[in-house]
Amino acid sequence: WTSEEDGAVMMYVPAGEFTMGSDSGEDDEKPVHQVYLDSFWIDQTEVTNELYAKCVSAGACKEPSDKNSNAHSSYYGNSEFNNYPVLFVDWNMAKTYCEWRGDRLSTEAEWEKAARGTDGRTYPWGEGIDCNQANYQSGCVGDTTKVGSYESGKSPYGLYDMAGNVWEWTSSLYKSYPYVFNDGREDLDAAGSRVLRGGSWYDYYSLARSAVRGNYSPDSIFNDIGFRCARSLP
């Protein structure tokens, strides 16, 4: 699927059950449980500076609160970094962007299935991690990288950067497992911290695992948080 508004490429994730959570991770990743999801589409890459700027130009989105990155004083609005993930966007800004193009943020369950598939793998590609598969804190880069840079790090559904680069906002409130879609955690108007997924260039490899659950207040803005969008099937 290609978004008509911004040209973003979306990949298809089929309906079915997958294994959510991890028994070897943090307490909030437990218990491991099976979750059924309807089929959906999700962005192949994180939303880039160039794509986000289209929403700003259309008058629907606010500019990022800062235009730099960790290593670059000119990042957003600099054509050199057009294809790098947009930074300094809070949850509401991410939600607004996705809705502008007729989409939405993914739930954290959708995000995890898209990242790891149905076989319970630790990372999108399987087991083990190095700088050829993801951008994380190991002396790899020390800042964001261009989206889609790690062919060997793709998820089972062909998604890039589901581990590392930037944390990604999801629609979900941070609540305990098991994940239940209709228990209020997907209420977009409810107050509370929202779940982020995937780790970032700043974090250790352990936080790049597909089952890891970060959480921040929806007004949080950092240089290692971005997002991608999802779409339900008609």
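It should be noted that the structure appears before, not after, this text.
Every value quoted in this text rests on a predicted model; they were computed, and no experiment measured them.

A. Molecular detail of the pattern of salt bridges. Counting across every chain of the model gives 17 salt bridges. E108 serves as the salt-bridge partner of R213, at 2.8 Å between the closest nitrogen and oxygen. Of this pair, R213 sits in the loop between strand 7 (194-197) and strand 8 (214-216) while E108 sits in helix 3 (residues 108-116), placing them 105 residues apart in sequence. With relative accessibility at 0%, the residue E108 sits in the buried group. Here R121 and D119 are joined by a salt bridge, their closest N and O atoms 2.9 Å apart. One continuous salt-bridge network, built from bridges that share partners, spans D6, D43, R101, D103 and R231.

B. Spotlight on the layout of surface pockets. By volume, the largest pocket amounts to about 370 Å³. Around the largest pocket, the lining is made up of 20 residues, and of these R104, T107, E110, F181 and S232 lie nearest the centre. Of all the secondary structure elements, the ones that give two or more residues to the lining of the largest pocket are strand 3 (33-37), helix 2 (91-100) and strand 5 (104-105). A breakdown of the residues in the lining of the largest pocket according to their chemical character gives 10 nonpolar, 4 polar and 6 charged. Of the voids in this model, the second largest pocket is the one considered here, and its volume is about 160 Å³. Lining the second largest pocket, in full, are G7, A8, V9, D43, Q44, T45, T48, E50, L51, N83 and V147. Among the residues forming the lining of the second largest pocket, the class breakdown is 4 nonpolar, 5 polar and 2 charged.

C. Examining the sheet that holds strand 4 (residues 40-43) more closely. One open sheet accounts for 4 strands, arranged 1-4-10-5; its pairing is antiparallel. Every interior strand has two partners, whereas the edge strands, strand 1 (10-13) and strand 5, have only one. Summarising the sheet, strand 4 and strand 10 (residues 229-232) pair through 3 bridges and their orientation is antiparallel. By the bridge assignment, W41 is partnered in strand 10 with R231. Strands in contact with helix 3 are strand 1, strand 4, strand 5 and strand 10; relative to strand 4, the strand with the most contacts, it is inclined by about 75°.

Conventions and cut-offs
Residues numbered from 1 in each chain as written. Predicted model: local features only at pLDDT ≥ 70, side-chain atom pairs only at ≥ 80, totals over all residues. Heavy atoms only, no water. Salt bridge = Lys/Arg side-chain N within 4 Å of Asp/Glu carboxyl O. Helix = DSSP H or I, 4+ residues; strand = E, 2+ residues; numbered from the N terminus. Buried < 20%, exposed > 50% of the residue type's maximum accessible area, 1.4 Å probe, protein only. 1 Å grid on protein atoms, 1.4 Å probe; cavity = no way out; pocket = protein on both sides within 12 Å on 5 of 7 lines; lining within 4 Å. Points joined across faces, edges and corners; volume = space filled by probe spheres on them. Nonpolar A, V, L, I, M, F, W, Y, C, P; charged D, E, K, R; others polar. Pairing = 2+ DSSP bridges. Contact = heavy atoms within 4.5 Å. Axes fitted to C-alpha atoms, helices over the stretch in contact; angles between N-to-C directions.

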